[in-house]
Structures are given as C-alpha cells and as structure tokens.
Amino acid sequence: MTTHLWVRAEQRENEERVGITPEGVAALIRSGIRVTVEESSVRAIELDGYRDAGAEIAAENSWPQAPTDAIIFGLKELPEDGTALPHRHIMFGHAYKGQFSGRALLERFKAGGGTLYDLEYLVDENGRRVAAFGYWAGFAGAAVSLKSWIAQKQGEICGSVGVYKNKDALVSELKSEIAALNTTAPSAIIIGALGRVGTGAGDLLEAMGSQVTRWDMAETANGGPFPEILDHDLFINCILARPGTPVFVPAEAKDTDRKLTVIGDVACDPDSDYNPVPVYDKATTWDAPALRVHDTPVLDVTAIDNLPSMLPRESSEDFAEQLLPSLLTLTDLTSGVWGRAAADFNEHTQDI
C-alpha cells in the first residue's frame, strides 16, 4: 500500500507556517510517497509550488474526509469540536505534560482509533529532537519582550503584533523604536541559552545592543532561588516545563524590589503543573501580547505559543529542512522516530 501524506491547512488564527516545502514534496514523491496538499488562504508558501512539485490538491480543511489510511500532517491544534479522530496525525499535540486540553485531545484519538505522532516527541536514537522551530521562537519571543519593554518606557502596555516579511524587517523596526526612546537597549538574561531557542533569543537581543547574560543547565543546577534574574530588565525563559524544572520567578517576586519588568516565556506552558514562571496562568495573544501581572513595580509577561509564525516563511523553511529526512521514512511507522513517537502516544493513552 502506498504511503499517503495529507498536508492540511492550518485553522488557527495567525498561523501561516507549514511543515514541508514544495522541494520536500518533490522529494517525497520521488521516494514513492503520495502527497496531497490542501488549499490554504493563509499559508506562507504559495500553493502553485506544491502543485508544480506533483502534489494532489484538496479543498481547504477537507482532511476529516481524507482516506482513513492517509497520514494527516499539520502543525498546530485541531478545532476543539470533540469529534473522534480515526486518522494518524503528525502535529504538535501539547497533550503529554498535564495541559488542560491535552486529555480531551487524547480521548478523541482513543475514540476514533487514530494515533498522534507528536512533533515535539520526534527524537533520534539519542533522544534529541529531529526538528524544532526553536530558533525562530526564541528570536520572535525576544522581539515581543523587547516591544513590551519599549511600551513600558512609553507608559503603555504592548499593542498587537503581526507577521513580518523577514527578520531584517523586524530588526529594523525594533532598532527604530529603541532609537526613538533615546536610551540604551535593556539588559537581559536568557535561561536555556545554549539551545536553539536561547540562541535565537540571544541573536535578536545582541542585534539590538542589549547586554545579555546567558545561563543554561550549569547555572541553574542548584535549583534556585535565582535573585540574579531580578537584576535584569528582561528575562527570557527558553526551558520547557517538565518534572524537576526549577522555579525561576516565584509568585512572590511580583512584590519584590527588582529591575525586572518583562518576562518573555518563550516555552509558554502556563497551564502545566511544572510551569517555571508561576506569576501568570494563561498564554497571551497576538492582539494582546503582554499580560500585566503587577502594577507597582510593573511586571508584564509575554507568552505567545506560536511565535515562529511572526516570521512564517523563514521558520517554515528551516523546520521543513530539519524534518524532511524523517518524513522520507514514513513508509515504516514501526521503527525509528515514528516508532518512538507511537510508543509515547501509547504510554500517554493507556489509562484513557
């Protein structure tokens, strides 16, 4: 039976990314994999490229009617309509770390007999993720944090953010906004600085002229507390919430005498049991990117969970290049990255 990959349109607002490029589709087809790509009114990469690469074209959001043997490939969440899910899905499920909506998603898979191959849990034999949007999440997350700091300097809270043509356009805008303040760029501390997320955050902040303190596992091994964080203008959290993650900014820090005024929680797990920044409890949005959690002294949190979509073409091309070697092995779902992802799914659904 021919393996059939069905690339669905994203249905989430402000989501223009895609996990495969036309060049990737062409490579899959050459390897004998059938590819269907849905039309999309928002995708950053034009449909003609996929058509020219040999993909079959389907109507936008028609994946529920796809053949049951098709593997549905998207990035962000499915509509929360409670329907059973009979297909195999490749996507970010956000369902394995105690998230409030995670169990409902897993129950839908269980009801329909489908399987989730969670992109966050696609790992090689050494446990390292095979593909991630991390660099661009960090880059954009630091940018939104900086915009929040700029707004504070103007006596405001950060206004809406949107999509940029490329990173140069974003950097140019930020430099102009800082220059208009007639002040130096803020100091910043990044935790998780050695990873892809932290690298992206550091690159953006250093391009702005910020003094950046870079921490990773060695600096946080004692488990805290970490008063040094409060001595910076910005704190960028790039550490995913998991058992054993220390608390970086405890709730009582809101009332503390501190320099810190903006937390950029790029990892964005506010409803996880292991949230390392428990001063807030809900993600922020493109329309309202900053959540004010304290007035005197001021403290804003930015926690947008699809940050790379601010730079959708660059982030899509980067992610797709990383993921393609694994997609080329879709003909065998019982071993390698797909076998490990299926085992994770089975482990997290055994009590459902």
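For clarity, every value in this text was computed on a predicted model and none was experimentally measured.

The next point concerns helix H5 (residues 167–181). Under the 1.5 Å per step criterion, the end-to-end length of H5 is 22 Å for 15 residues, consistent within 8% with the ideal 21 Å. Considered for burial, the residues of H5 that qualify are Leu170, Val171, Leu174 and Ile178. Seen end-on, H5 carries its buried residues on one side only, within an arc spanning 95 degrees. Turned more than 90 degrees from where H5 packs its buried face, Asp168, Ala179 and Ala180 sit exposed. Those residues of H5 that are buried are in contact with helix H4 (134–153) and helix H6 (196–207). A distance of 3.2 Å separates the backbone nitrogen of Asp168 from a side-chain oxygen at the start of H5, and that oxygen is part of Asn166. Downstream of H5 by one or two residues, Asn182 has phi in the positive range, about 55 degrees.

Time to look at unusual backbone geometry. In this model, Gly224 is joined to Pro225 through a cis peptide bond whose omega is 5 degrees. Its location among the elements puts Pro225 in the loop between helix H7 (217–220) and strand S9 (234–237). One non-glycine residue, Asn14, lies in the positive phi region at around 65 degrees. Looking at the secondary structure, you find Asn14 in the loop between strand S1 (4–7) and helix H1 (22–30). With a phi angle near 50 degrees, His94 is a residue other than glycine that sits in the positive phi range.

The strand order across the open sheet built from 6 strands is S8-S7-S9-S10-S12-S11, with neighbouring strands paired in mixed fashion. Across the chains shown, the open sheet's two edge strands, defined by having one partner strand only, are strand S8 (212–215) and strand S11 (290–294). Neighbouring strand axes in the sheet, compared pairwise and without regard to direction, differ in orientation by 20 degrees on average. Relative to S9, strand S7 (residues 188–191) runs parallel, the two being bridged by 4 bridges.

So, on to the side chain of Asp344. Inspection of the secondary structure puts Asp344 in helix H9 (residues 336–349). For the buried residue Asp344, which engages in no salt bridge, the nearest side chain bearing the opposite charge is Arg340, 7.6 Å off. Leaving out residues up to four positions away in the same chain, Asp344 has contacts with Tyr96 and Tyr121.

What follows is about the sheet that holds strand S5 (residues 88–91). Across the sheet, which stays open at both edges, the 6 strands sit in the order S3-S2-S1-S4-S5-S6 with parallel pairing between neighbours. Two strands bound the open sheet, and with one partner strand each, they are strand S3 (56–58) and strand S6 (115–118). Between one strand axis and the next, the sheet turns through 25 degrees on average, direction left out of account. Relative to strand S4 (residues 71–73), S1 runs parallel, the two being bridged by 3 bridges. In the sheet register, Trp6 faces S4, and the bridge partner there is Ile72.

A word on the pairing of S11. The pairing of S11 with strand S12 (residues 299–302) spans 4 bridges and is antiparallel. The residue of S12 that forms the bridge with Leu291 is Val301.

This part covers the pairing of S7. Remark: a regular strand shows side chains that alternate across the two faces of the sheet. The alternating pattern of S7 places Ala188 and Ile190 on one face and Ile189 and Ile191 on the opposite face, and all of these are buried. Relative to S8, S7 runs parallel, the two being bridged by 4 bridges. Across the sheet, Ala188 pairs through a bridge with Val212, a residue of S8. Running through H6, the crossover from S7 to the neighbouring parallel element S8 is right-handed.

Procedures and definitions
- Residues numbered from 1 in each chain as written.
- Predicted model: local features only at pLDDT ≥ 70, side-chain atom pairs only at ≥ 80, totals over all residues.
- Heavy atoms only, no water.
- Helix = DSSP H or I, 4+ residues; strand = E, 2+ residues; numbered from the N terminus.
- Expected span 1.5 Å × (residues − 1).
- Buried < 20%, exposed > 50% of the residue type's maximum accessible area, 1.4 Å probe, protein only.
- Arc of directions from axis to C-beta.
- Contact = heavy atoms within 4.5 Å.
- Polar contact = N/O pair within 3.5 Å; in protein donor to acceptor, adjacent residues only side chain to side chain.
- Pairing = 2+ DSSP bridges.
- Axes fitted to C-alpha atoms, helices over the stretch in contact; angles between N-to-C directions.
- Lys, Arg positive; Asp, Glu negative; His and termini not counted.
- Salt bridge = Lys/Arg side-chain N within 4 Å of Asp/Glu carboxyl O.
- Right-handed = clockwise from strand over helix to strand, strands pointing away.

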